[in-house]
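Examination of the molecular architecture
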Amino acid sequence: SMNQLLIQTPRLLLRPLSISDCDDFFRYRSLPEVAVYQSFEPMTKEEAQAFILENSHYHLGMPGEWIQYGIEVRKTNSLIGDFALKLDPEDPQLAELGITISPRHQRKGYAKEALHRVLAYLFGEIGIQRVMAVTDAENEASIAMLIRVGFPKEEMIQQEVFFKGKLGKEYHFFLSRAHWKSNQAHTSLEIK
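Residues numbered from 1 in each chain as written. Predicted model: local features only at pLDDT ≥ 70, side-chain atom pairs only at ≥ 80, totals over all residues. Heavy atoms only, no water.

Points about the packing of helix H1 (residues 22-29) against helix H3 (residues 45-55)
What counts is decided by this rule: Here an axis means a line fitted to C-alpha atoms, over the contact stretch when the element is a helix, while the angle between two N-to-C directions is reported on a 0 to 180 degree scale. Put simply, DSSP H or I for four residues or longer makes a helix, DSSP E for two residues or longer makes a strand, and each gets a number counted from the N terminus. Angle categories: roughly parallel below 35 degrees, roughly antiparallel above 145, roughly perpendicular from 65 to 115, and oblique for all the rest. Left-handed describes a crossing whose near helix is turned anticlockwise from the far helix by less than a right angle; the clockwise case is right-handed. In what follows, a contact means two residues having at least one pair of non-hydrogen atoms within 4.5 Å. Lys, Arg, Asp and Glu make up the charged group, whereas Ala, Val, Leu, Ile, Met, Phe, Trp, Tyr, Cys and Pro make up the nonpolar group; the residues left over, Gly among them, are polar.
One way to put it is that H1 packs onto H3 with a least axis distance of 9 Å and a crossing angle of 120°. Classified by the interaxial angle, the pair formed by H1 and H3 is oblique. The handedness of the crossing between H1 and H3 comes out as right-handed. Every residue of H3 that contacts H1 at Cys 22, Asp 23, Phe 25 and Phe 26 is listed here: Lys 45, Ala 48, Gln 49, Phe 51 and Ile 52. In the contact of H1 with H3, the residues fall into six nonpolar, one polar and two charged.

So, in structure tokens, the structure goes:
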């Protein structure tokens, strides 16, 4: 099943989370600065463990279910982040994508490397037609990264949201398979 996703990039292994990831997962998921723009609150050790166990029952292909995968640095075998995929229940040709990288491992290009590969997997290997990513309007790093990996700014939709007890704004980014493919043609020289 697609829960068994196992993908290598030059530096990373994208794979299912396992209970042995609990300490690494908890280390960044418990940080307020990681949770601030995310739908989750800082986690306890118990919550991290329960989350990983529950997640192991999901598999990509069940529309409406988020499934979380680990991002491991191959050289050190350490979990430095995770990404989540969800197929839209109304339109299974639309996948939503989210990513979290531990602050200790940010600004090393890991998110970009992981996302490039996940997009190639979704568009190339599964044949998804559109991918959506949602980000808080104040999360400049996340916005910049989505644009860098090819989400066109023109396709961005601004949404008012009631988030964590207050009104806020979020951006919904969309990338179509056609747009991604034409990007690949232009950038295949750079992405090694």
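Details of the packing of aromatic side chains
As a reminder, the rule being used: Centres within 6.5 Å make a pair out of two Phe, Tyr or Trp rings, where for Trp the six-membered ring is used; the pair is then stacked when the planes are under 30 degrees apart, edge-to-face when over 60, and tilted otherwise. Accessibility here uses a 1.4 Å probe with only protein chains present; expressed as a share of the type maximum, an area under 20% marks a residue as buried, one over 50% as exposed, and anything in between as partly exposed. Ring-over charges, as used throughout, are those where CZ of Arg or NZ of Lys falls within 6 Å of the ring centre and within 35 degrees of the ring normal.
Taken as a whole and assessed by the stated rule, the structure comprises five aromatic pairs. Measuring from centroid to centroid gives 5.3 Å for Phe 123 and Trp 180, while their planes differ by 35°, and the two rings are tilted. Residue Phe 123 is located in helix H4 (residues 110-126), and its partner Trp 180 is located in helix H6 (residues 177-187); the two are separated by 57 residues in the primary sequence. What makes Phe 123 buried here is its relative accessible area of 0%. Taking relative accessible area as the criterion, Trp 180 reaches 11% and is therefore assigned buried. Grouping aromatic residues by their ring pairs yields a cluster made of Phe 25, Tyr 28 and Phe 51. When the ring centre of Phe 51 is taken as origin, the NZ or CZ atom of Arg 29, which lies over that ring, is 5.4 Å away.

Any link to function would need more than the numbers given here.
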